[in-house]
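# Notes for the structure review
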Amino acid sequence: MRRWWNLPWSSLHSFSNALNPINKMESQIMEKNLEEELKTWISGFKKIVILGIGNPIRKDDYVGVVIAKLLKEKNLLNTLILECETVPESFTSIIKEAKPTHVLMIDAANLNATPGFAKMISIDEINGFSLSTHDLPLSLLAKFIVYETKAKVALLGIQPKTLDFGEGLTSELSEASKKIAKIIEKVLIEESFNQKLF
């Protein structure tokens, strides 16, 4: 069962719904910052594995998998995309076999921000933002992947609006997932192009 670390379900629901949807200016700033963070982190990548993490019956918790599905449609070069749902630890052998230089985990995260806000989180910071209590916590999973692959590992965290039971993202997270997928796609394509030039 995947739960928020520091808030009970009832508190989380009221807290999330009290937040206003991200406005246009905030969205533009977030997108620009996220793009720059991704560019810095992904610089020099040879192969990347993207892990979409989330629970399909907890509304916005599924955002990581939705983004993974959107990216899969793009057939990006040197990119392996895995829809891990609630068991990313079950994919460690596949990740190791892929021999990635970079591994990006995408999951809902407690950023204390407006729904749809996203940011890159280093493996040393994951415990402060992660929402998941997997059999193997994301912080330990990230360190295990580093140990096994020597890859750069990070979490792309996204603020959910609600983790209520139910299928499908809220409108805020549905819109955010499309924008975030486009940012990731753009950064990967640009970095691949730059590497070919030099």
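Here's what I pulled together on the structure shown here.

Calculation rules
One numbering rule holds for all chains: residues counted from 1, following each sequence as written. This being a predicted model, a pLDDT of at least 70 is required before a residue's local features are given, and a value of 80 or more before pairs of side-chain atoms are given or counted; all residues contribute to the totals for chains, interfaces and linings. Excluded from the side-chain calculation are hydrogens and water; included are all heavy atoms of the structure. Strands are runs of DSSP state E lasting at least two residues, helices are runs of H or I lasting at least four, and both sets are numbered from the N terminus onward. Categorising residues by exposure relies on relative accessible area from a 1.4 Å probe, with only protein chains included: less than 20% of the type maximum marks a residue as buried, more than 50% marks it as exposed, and the intermediate range marks it as partly exposed. Only heavy atoms enter the contact rule, under which two residues are in contact if any of them lie within 4.5 Å. The protein chains shown are the only cover counted for residues, whose accessible areas, like all others here, come from Shrake-Rupley with a 1.4 Å probe. The criterion for strand pairing is that DSSP finds at least two bridges linking the strands in question. If the strands point away from the viewer and the path from the first strand over the helix to the second runs clockwise, then the crossover is right-handed. Axes, fitted as lines to C-alpha atoms, cover a helix only where it is in contact. Angles between the N-to-C directions of the axes lie from 0 to 180 degrees. Between the rings of Phe, Tyr and Trp (Trp by its six-membered ring), a pair exists once the centres lie within 6.5 Å; its type follows the angle of the planes, with under 30 degrees stacked, over 60 edge-to-face, and the other angles tilted. We call a charge positioned over a ring when the NZ of a Lys or the CZ of an Arg lies within 6 Å of the ring centre and within 35 degrees of the ring normal.

### Digging into the overall build of the protein
Along the backbone of the protein there are seven helices and five strands. The N-to-C order of helical and strand elements in the protein reads α-α-β-α-β-α-β-β-α-α-β-α. Relative to its 198 residues, the protein shows a buried fraction of 49%. Long-range pairs, those at least 24 residues apart, make up 80% of the contacts in the protein between residues at least 6 apart in sequence. Of the roughly 9600 Å² of accessible surface on the protein, a fraction of 54% belongs to carbon and sulfur atoms.

### Regarding the pairing of strand β2 (residues 79–85)
Every other side chain in a regular strand lies on the same face of the sheet, so the side chains alternate between the two faces. Bridge analysis of strand β1 (residues 48–53) against β2 gives six bridges, and the strand direction is parallel. Its bridge partner lying in β2, leucine 51 is registered against leucine 82. Where the polypeptide runs from β1 across helix α3 (residues 63–72) and back to β2, its parallel neighbour, the crossover connection is right-handed.

### Some thoughts on the sheet that holds strand β4 (residues 118–122)
Sheet architecture is open: five strands sit in the order β2-β1-β3-β5-β4, paired in mixed fashion. Looking at the sheet topology across the chains shown, the edges are occupied by β2 and β4. Direction aside, the axes of adjacent strands within the sheet are offset by 20° on average. Two elements, strand β3 (residues 102–108) and strand β5 (residues 152–158), share seven bridges in a ladder whose sense is parallel. Each bridged residue has a counterpart across the sheet, and for isoleucine 106 the counterpart in β5 is leucine 156. In this fold helix α2 (residues 24–42) packs onto β1, β3, β4 and β5, with an angle of close to 30° to the strand it touches most, β4. Packed onto the sheet, helix α6 (residues 138–149) meets β1, β3 and β5 and runs at close to 170° relative to β3.

### What about unusual backbone geometry?
Within the chain, asparagine 112 stands out as a residue other than glycine whose phi angle is a positive 50°. One can find asparagine 112 in the loop between β3 and β4. For asparagine 112, a relative accessible area of 58% puts it in the exposed group.

### Description of the packing of aromatic side chains
Applying the stated criterion across every chain yields a total of zero aromatic pairs. Sitting over the ring of phenylalanine 165, arginine 58 keeps its end group 3.4 Å from the ring centre. Here lysine 150 stacks its cationic end above the ring of tyrosine 147, 5.4 Å away from the centre of that ring.

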